[in-house]
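Structural features, examined
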Amino acid sequence: DSEDDDSESESESESEPEGVTRKGGVKIVEMTEDESARSAKKRDAETKPAKTPEPKKRAVEAKPESASKKPETPKRVHKNGMEIINTFATKNTSAKVAAGGKKVAMKYIGKLPSGKIFDQTKGSATFTFRLGVGEVIKGWDVGVEGMREGDKRTLIIPSAMGYGKKGIKGVIPGGSALHFDVELVKVF
C-alpha cells in the first residue's frame, strides 16, 4: 500500500514543472530571491491596508469644532461651599492683580438662585471698594482676590458668606445663596 502512495507522489511530481513539489496535497514552489521578494511585497500589500496620507489639518477647519465645545473653566470650591468659576482670563500678563488692601473697581450682576437679578452696575458705572478689609460681603473679598484687570468670574456665595440668615428685607431672602457675575475693571 505504501508503494502505491509513493508512486502517486512520484507521478504527481513528474507532471509538475521544475521547482514545484507536492507533499501531502500541498504544492511547494521553489522561488528565486527576486520572486520571493516580489511575492513578499504582494503579500504585505494584501494583508496590510494601504497607507493613505492623513489630510493636513488647518486651523480654519479646527475652529468650528472648537467653537462647538465649551472650554473647560477651572473651578475652585472652598470649604464653606463657595464656588469661584473663572469665565474669562485676560491674556495681558502685565495687568494688575487684585490683592488684599488694594482698591478695585468692578462691574457686576447679582442674582438669586432663581435667576432673579437683585442688583447690578449699569452702563459704564463701576462699584469701587477696598479688597479684604470687610467693606463688602465675605464672598466678594474671597472671590475677587487674585483676579487680574479684565478677568471675569462667577461667584456662587453661600448665605454664610453673603447676607446670612437675615438677608435684606424685600430684596434678598434670609439664608439665600447669591450668584454674582463679576468683572475686574481696574486695580488702584
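Residues numbered from 1 in each chain as written. Predicted model: local features only at pLDDT ≥ 70, side-chain atom pairs only at ≥ 80, totals over all residues. Heavy atoms only, no water.

A word on the overall build of the protein. Assigned secondary structure in the protein consists of four helices and nine strands. Overall, the protein shows an N-to-C arrangement of helices and strands of α-β-β-α-α-β-β-β-β-β-α-β-β. Per-residue burial for the protein yields a buried fraction of 23% across its 188 residues. Contacts spanning at least 24 positions in sequence make up 59% of the contacts within the protein whose residues lie at least 6 apart. (Helix = DSSP H or I, 4+ residues; strand = E, 2+ residues; numbered from the N terminus. Buried < 20%, exposed > 50% of the residue type's maximum accessible area, 1.4 Å probe, protein only. Contact = heavy atoms within 4.5 Å.)

Time to look at the pairing of strand S6 (residues 117-120). For strand S5 (residues 103-111) and S6, the ladder comprises three bridges, and the chain directions are antiparallel. When the bridges of S6 are listed, Ile109 appears paired with Gln120. Here S5 folds back onto S6, and the loop between the two strands holds five residues, one of which, Gly115, carries a positive phi near 100°. (Pairing = 2+ DSSP bridges.)

A few words now on the environment of Met161. By the element assignment, Met161 lies in the loop between strand S8 (152-157) and strand S9 (178-187). Residue Met161 is classed as buried on the basis of its relative accessible area, which comes to 5%. Other than its neighbours up to four places away in sequence, Met161 contacts Asn80, Met82, Ile137, Lys138, Gly139 and Val142.

Across all of its chains, the model carries one salt bridge by this definition. For Lys111, the salt bridge identified is with Asp181, shortest N-O distance 3.0 Å. A residue pair is termed long-range when its members are at least 10 positions apart, and Lys111 in strand S5 and Asp181 in strand S9 qualify at 70 residues. Note on Lys111: relative accessible area 24%, which makes it partly exposed. (Salt bridge = Lys/Arg side-chain N within 4 Å of Asp/Glu carboxyl O.)

Relative to the elements of secondary structure, Lys103 occurs in strand S5. What makes Lys103 partly exposed here is its relative accessible area of 37%. Sequence-wise, Lys103 and Arg130 are 27 residues apart; in three dimensions their C-alpha atoms are separated by 4.2 Å. Setting aside residues no more than four positions away along its own chain, Lys103 makes contact with Thr128, Phe129, Arg130, Lys186, Val187 and Phe188.

Now for the pairing of S9. Direction of pairing for S5 relative to S9: antiparallel, over a ladder of eight bridges. Counterpart to Tyr108 in the pairing with S9 is Val182.

Formed by 24 residues in total, the largest nonpolar core has its most connected members in Met106, Trp140, Ile157 and Phe180. Breaking this core down by element, the ones donating at least two residues are S5, helix H4 (138-144), S8 and S9. What Ile157 contacts, discounting residues up to four positions off in sequence, is Met82, Ile137, Gly139, Trp140, Gly162, Ala177, Leu178 and Phe180. (Core = buried A, V, L, I, M, F, W, Y, C linked by side-chain atoms within 4.5 Å.)

Right, let's talk about the packing of aromatic side chains for a bit. By the definition in use, this model includes eight aromatic pairs. Taking 5.9 Å as the distance between ring centres and 85° as the angle between the ring planes, the aromatic pair formed by Phe127 and Trp140 counts as edge-to-face. Highlighted residues: Phe127 in strand S7 (residues 127-130) and Trp140 in helix H4, separated in sequence by 13 residues. For Phe127, a relative accessible area of 31% corresponds to the partly exposed category. Feature note: the residues Tyr108, Phe118, Phe127, Phe129, Trp140 and Phe180 constitute an aromatic cluster, connected by ring pairs. (Phe/Tyr/Trp six-rings, centres within 6.5 Å; stacked < 30°, edge-to-face > 60°.)

The subject of this paragraph is the confidence of the model for the protein. Chain-level statistics for the protein give a pLDDT mean of 78 and a share of 60% at 70 or above. With pLDDT under 50 throughout, residues 2-13 is counted as low confidence; its partners more than four residues away or in other chains account for one contact. (pLDDT = per-residue confidence, 0-100.)

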